[in-house]
Each structure stands twice: as C-alpha cells, then as structure tokens.
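Commentary on secondary and tertiary structure
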Amino acid sequence: MDFFLYSKVGQMLLAVIALLAVVAVLLGGARLADRYAGRSRTFWVGAAFAGPAFLLLGVGLVYPAIRTTVMSFMDRRSEEFVGLANYQWVFSDPASLQAFINTFWWVILVPLVSTAVGLVYAILVDGSRFEKVAKSLLFMPMAISFVGAGIIWKFVYEYRGAAQEQIGLLNAVIVGLGFEPVRFLQDSPLNTFFLIVVMIWIQAGFAMVLLSAAIKAIPGDIVEAARLDGVNPWQMFSRITLPSVRPTLVVVLTTIIIATLKIFDIPRTMTGARFDTQVLANSMYDQSFTFGNNGIGSALAVMIFVLVIPVVVFNVRQMIRNREVRGA
Amino acid sequence: MLKHKRTRVLLAGTAGLALVLGACGGADDLGGGGGGGSDTGTGATGGETDCSAFEEYGTFDGETVTIFSSIREVEADQLQDTFEAFTECTGITVEHNGSGEFEQQVVVQAEGGNAPDLAIFPQPGLLQRMVADGHLVPASEAVEANADEGWSEDWKAYGTVDGEFYAAPLMSSVKSFVWYSPSAFEENGYEVPETWDELMTLTEQISTDHGSETVKPWCQGIESGGATGWPATDWIEDLVLRSAGAEAYDQWVTGELAFNSPEIAEAVDMAGAILKNDDYTNGGIGDSRSIATTSFNDGGLPILEGNCFMHRQASFYEAQWPEGTDVSPDGDVFAFYLPGVTADEAPLLVAGEFVGAFNDEEATQAVQAFMSSGEWANTRVEIGGVVSANRAVDPEAASSDVLRLAIELLQDENAVARFDGSDLMPSEVGAGSFWTGMVEWINGSDTQGVLDTIEQSWP
C-alpha cells in the first residue's frame, strides 16, 4: 500500500486505476439504464450520462458559490451573521471604491483596445507576404504568463532620478530625447493605464488569431460580389467583414471581459496594488488570505460574480442566436 | 475500427487525468520545493554518525514529516541539511517546502484540510490567527522544556497564545542595523555614531561634503511585491522604540496606544527627517519618492558605488551583497547598531520564526522538539547565513563578522529587545494598512493623515 500512497509512480498508477474504475461504473450504469423500456428509459439514460457532470458541477461550482454568498453575510471568521455590513464596507471604504474604479477602467479598456488592435492587425496582414511572421509576433505575448509579463514590463517602466543612469527602456528613450524621466508605476491615476497596456499587449494576440480565422472563413463569393459592386475599403470593412465576423467578435470581447474582471497577477507583481492601482480580485485575495477576513473577501468575490453574470448571459444568448441563424 | 479508436481516446483521457491528479498532491507532496541533499543514509554521511544525541527523540520506521515555510533557495537547502543526522538516527524523513506566498498559502492549505505537519511562521500574529481558528495543536512538554532552557521569556511569549505554549522560536534576526562602508567612512574621517543626534549630525555632514544630484547620505528601497512597504515599517518601529520607549511600544502593537497618537507621529517624523528629505535620500537612485519603487534587495547596493553612505536594514541583508564583497569591520561594507537617543539606551528591534504543529503525532513532535533544541540552533548557525537568540549558540560559531555582532546584540542582557511590531499587529494593519500607509507616506502623503487612516483600519 505504501507504494501507491508515497511514491510518485505509485500515486499516478493509483489515479489511473481509480479513474478506470469510475469509467467502468459509469459505462455499466449507462448500459443498465439502456435496458429500461418506454418513457423512463430516456430519463435513466439522461441521468446516467448527465448525472456525473451535474454532480461535479454541484460540488465544484454550485456549493462553493452558495457557501461564498452565505459567508459574505457573516463576520471575519464566518461564525455570526452580520447582515449587510461587509457590503457596506465594500461600497464605502475609499480603498475599496478605488478598486471598483480601477476595475471599471480595466474592463472597459482591455477588451475594446485589444479587440480593436487584433481586428485591425488581422485585416492589415491578411494575405500579405509576411502574414505568418507578423501574426506570430503579435501572438507571442500570449505564451507568457501574466506574472512573467508583469516582471518584463516592470523593467520597461523602471524609473531612476533624472541625474541617474536610466535602466528602464522607456525612460532611457524619454531621457535620450531630452525629457524628464516619468514615474510610470508610481503616479496615480495614469499608472493604472500603464498596467492596462500590459494586459492589452497579452490579449491583442488572442483577439487577432481568432478574428483572423473568422475573416478567412468569410465566403469568397460574398467578397467577390461586393468587389463587383464597387465597394471602397471602408464599405468592405463595415458592410462585409464586420457583420461576417460579428459572432467571433462577441466571443472574443466577452472572453477578454471575463478574464479582465478577474485580473490579479499584473497589479500584484508590478505595483503590489500600491499607488492606487488596487483591483477587485487582488483586494479579495488580500482580505480573505492575508487579513483573514472571510466576510469581506467573500463579499468581494460575490461582487465579481455578480459583475460577470451579465457578460456570461449575453455570451450564452449570443451562442443560441448563432445556432438559430445556422439552423442547427 | 471504431471501437478501437474509442478505446484509445479513453486511454489518452485517463492518462491525462492521472497526470493532473498526480500533480495535486498538495501539502503531502512536498518533494518539489527545497529538497536538495536530503538523501540520507547514502554517500558521505553513510559512515559513522554518533546517534547518542538523538536518542531522546526515539526511532521511527520510515515516517515522513512535512514542513511548510517561507524559506527558499539556498536557505532552504541549508535548513534541509540540519536534519541529515537526525533523519539517519531517528528514521524520520523531513520534507521541507518553501513558498514566496507562504502567509496566504498556509491559510489556504489549513482551511482546505491539506495542512502540513509543521509550519515555520515568521509572524506571531499569523500564528495567533491559526491558533484561534483551531488549526494548531499546543507544543509538547519536550518542546516547552527546550524553549525554557534556550530562550528568554520575551521570546517564549511570542509563541504563546492565551497562556498556552504553541511554538518555539527557530531563528532570529537583528533589525536595528545600519549598513555602511567602513573604507568610505575612514577615507572621510567619519565616526560610527553612538546617539541619534550624532547620526543626524553625520547625515548633515555627509550631505555637505558629498551631496549632489546622485550622491546622498542614505539609500533605501521598500518595494517587495505584495509586501511592498515593510522596510519602512521597520524604520518606524525602530524609532518608536527609541523615542517613545519599550512600554509605549508594547501598548502600540497591542492597540492600546492609538496609531495616530502624538508619540507615534513624533517617531514617524523622526524617520521622515531622513526618508522624506530629498537632500538626504535616495543616493544612487533618485529622490525621496523613488524609495517606494526601489526593490528592497537593491536598496543598499549604491553604497558599493559610493553614491550612498548608509542603509538601514536587518542582519539578513548580508545575503544581498554581490559575491566578492568584503563584509568586515574594515572592508567594503559592514553594519553598525542603529543608535538610541542616548548612548546608554540599547533598544533592539528583532524578528524571528516560530515552529507550529498541525497535529500531535509522535514523529511530528519529535521533529518539533529537535528544532527547538540548542543542538539544532548550533547546527544551523554553523552552516551559516543566520543567527539565533538561543542561549546555547556560541557567537564564535557565526559564519561572518556581522552575524557575530548580531548574536552578541541578541544575547546582550542589557538590551531591550522588542519583536517587529508589524508581525505582532492584526494582519489588517501589520500586513495591510501599515504597509500601504507607509508607501503613501513615502509617496508624499502627510504623517497625521496616514496615521489616522491606519488607526481607522484597526479591527
């Protein structure tokens, strides 16, 4: 038994065996359900296939969501109910309000700018000789983790006094042109926007790749017909390309919005969320784990959850609509 | 054919999931972190080991005890090395794992039912929180006996919660150090100051002699990722201890003395006379505000280039000097004791770590007892890089002159030693508003406004 519990290979083997057992039970269950005749057969087969998924969703998603919501109405140790006190703090504390304002800018700017950059870039390089190289260049930042990107950009933004030798790339250029060095990360409120640039740098590649694929999927006859009708480039973009890639555009936008609402790593590595660059997710982590205040931490988690719901609803409705259009 | 394909897909999925599951070992799976050199019973150590010193801990059959801490890299390997003989004689394998996010992750692990056996807490405040949440078990009698023997009552008290003793101190550090360049001081005929006034006179003197856009008397950095601000809180603590005294300090860290009271404001302004004066700081980096964005690791390095003369930082800053730097009383860099208001007073700001247990299994208790012993403290100090306030430690065993000085200060009976206040305060303040407040203060906010905000955040 020790072999299975205490050695890496053993643990892995155990996991494989356990998984095979689970799969066997599920398939056996499905076969059993299949034997039922009549109306109850549909139910049992459905239960056999969807049941495990529902169970896992319940344990991993629904239960924690309910528990977090309950905890958000309780005190720091989750022992007594305190009503709306945590939400009152979330909406009145100046540092917390700052987190809302900053998160607002993140959620507005990152999806819009990175999607716009991605779309324009995808259209510009489409069909050009350097398309592959150009696309890889923009896509590469996607391969870097948020923490890694944060550290890289921290060096780019590094500040030294005017009399010192600049070690940050941007300030070296600025001083080289004869201007005063800039405290990119320290001067509020602009520092939040310099952090946002990092996220755009990462996400633009993602938008570009998906949109480029969508552009390539526009049927050639539509494009040709438009050309024969004598469209100018702007009409081509606004009447043909944009409507054709609209479903992809929505997916890209909503995906980036959801990712941005949860932004945590970039402010944490680059400014430690100091100098008024706090965001909701980092505030939630600090409250729950650094300060041990489960109540306020949960309240912030619920806030992020509430803010993300409309985006998800919109996303799902859009997906259903697309399916109707395609007649599936 | 179709059936064949389905089997293959199933197998691939199974293997993938197994990999994921295998990687989710959590706290029981601590091999990854700072292993290194823990292969016991083989190689050089396989020879004769005198096991008589370890008899009291008993012998075990292949037990493993996991330790979680904030200690990483070289120091993690050094920590692991202290268990070599212990493992060989008792049969207990000690698996240590260090994380830069220890303070948060230990809470996550404990609440997730995935706690390690032992954890090394750098903050008594966090230790108290873990006790209050019911995660830690009281220390065994053997641990308490060791603590009584090796440590002063003050130190033992930091590991005690509501009269129950939970955790013995492990290592210590001296925070009241000013790093300087003995060679530069000699060249200019500067003397190491012995009172606060002398320190300020020297600062003015250096500023007059050398002050320029690039050269300043002091250099400092307080950037430290999610913990940005802590070196500035050390300044304030050192000065509260000096200007207001130990009694006021104790009241301050427990919240009896308000954060925005005149005593604290006076101490903050004393620090501000140096930290917020563009003529005095930040040598080699920029103006006073640049302290906030300078990494604490880099804060003292301008001393080596002659752009800065003094840097206040704990004894562990020794590790930050580049390889080849001569750290000695007449070398490139050394440290002097941050003076008190008068030459007779010797207030000392210290910090340390405490070993708490998450269960009372015999193997866990044996390791905890070993780590609280004078034997362990001596072994660890001899390996180098750290000091301990354990009475059993011989200052001569220290690996460098600075550490020897630190041990002497720690063992000085006349010294009024106080633990780093931000580690004792509730974490909303000690790891929250005090840190952020000090960053705002350096960034230009006024003293009283910042202190009022911190006082308000006290839970």
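Keep in mind that what you see is a predicted model, and the values were worked out from it rather than measured.

1. Considerations on the pairing of strand β9 (residues 308-312) of chain B
All names here are of chain B. Burial of β9 is extensive: five of the five residues sit out of reach of the surface. With three bridges connecting them, strand β7 (residues 177-180) and β9 associate as antiparallel partners. Across the sheet, the residue bridging to Y180 is M310, located in β9. Here strand β8 (residues 216-218) runs beside β9; their pairing, made up of two bridges, is parallel.

2. Brief notes about the interface of chain A and chain B
Contacts between chain A and chain B engage 27 residues on the former and 33 residues on the latter. Secondary-structure elements contributing two or more residues to the side of chain A that touches chain B are α2 (8-35), α12 (265-270) and α13 (280-290) of chain A. Among the elements that take part in the side of chain A that touches chain B, α2 of chain A stands out by supplying eight residues, more than any other.

3. Side note on the environment of T93 of chain B
All names here are of chain B. Counting through the fold element by element, T93 comes out in strand β2 (residues 93-98). Judged by C-beta crowding, with 20 C-beta atoms within 10 Å, T93 ranks as buried. C-alpha of T93 to C-alpha of T64: the two residues are 29 residues apart in sequence and 4.7 Å apart in space. For T93, the contacting residues outside a window of four places in its chain are T64 and T87.

4. With respect to the packing of α2 of chain A against helix α3 (residues 39-71) of chain A
Residue and element names in this part refer to chain A. Where α2 contacts α3, the two axes come as close as 7 Å, and the packing angle between them is 160 degrees. The orientation of α2 with respect to α3, classified from their angle, is roughly antiparallel. When the axes of α2 and α3 are compared, the crossing they make is left-handed. From α2, L26, G29, A30, A33 and D34 reach across to α3, where they touch W44, V45, A47, A48, F49 and P52.

5. Comments concerning the domain arrangement of chain B
How big an interface is tends to be expressed through the accessible area that disappears when the partners come together. Residue and element names in this part refer to chain B. Domain parsing of chain B yields domain 1 (61-174 + 351-416) and domain 2 (177-349 + 419-457). Between the C-alpha centres of domain 1 and domain 2 there is a distance of 28 Å. On the domain 2 side, the residues contacting the 24 residues of domain 1 number 25 residues. Mapped by element, the contributors of at least two residues to the side of domain 1 that touches domain 2 are α5 (124-132), β6 (168-174) and α15 (401-411). Broken down by class, the residue content of the side of domain 1 that touches domain 2 amounts to 14 nonpolar, six polar and four charged.

6. Some thoughts on helix α14 (residues 374-383) of chain B
Residue and element names in this part refer to chain B. Within α14 the residues assigned to the buried category are W376, A377, R380 and V381. For α14, the angular spread of buried residues about the axis comes to 125 degrees, placing them on one side. For α14, the secondary structure elements touched by its buried residues are α6 (141-150), β6 and α13 (362-371). Where α14 ends, the next residue or the one after it, G384, has phi of about 110 degrees, a positive value.

Calculation notes
- Each residue is numbered by its place in its chain's sequence as written, counting from 1.
- Both sets of labels track the order of writing: A upward for chains, 1 upward for ligands.
- Under the rules for a predicted model, residues below a pLDDT of 70 receive no local features and side-chain atom pairs below 80 are neither given nor counted, while totals for whole chains, interfaces and linings still include all residues.
- To assign burial, the other C-beta atoms lying within 10 Å of each residue's own C-beta are counted, with C-beta atoms placed from the backbone; 20 or more indicates buried, 12 or fewer indicates exposed, and intermediate counts indicate partly exposed.
- Under the scheme used here, helices are H or I runs from DSSP no shorter than 4 residues and strands are E runs no shorter than 2 residues, and both carry numbers assigned from the N terminus.
- If DSSP finds at least two bridges between two strands, the strands pair.
- Once C-beta atoms are placed from the backbone, any two residues with those atoms within 7 Å are in contact.
- All axes are obtained by fitting lines to C-alpha atoms, using only the stretch in contact for helices, and the reported angles, taken between N-to-C directions, cover 0 to 180 degrees.
- Here roughly perpendicular refers to angles of 65 to 115 degrees, roughly parallel to angles under 35, roughly antiparallel to angles over 145, and oblique to all remaining angles.
- Left-handed describes a crossing in which the near helix is turned anticlockwise from the far one by less than a right angle; the clockwise case is right-handed.
- In this document the domain limits rely on a domain assignment from an automatic tool or a database.
- For this classification, the nonpolar set comprises Ala, Val, Leu, Ile, Met, Phe, Trp, Tyr, Cys and Pro, the charged set comprises Asp, Glu, Lys and Arg, and every other residue, Gly included, is treated as polar.
- Note that the arc is defined by the directions from the helix axis to the C-beta atoms.

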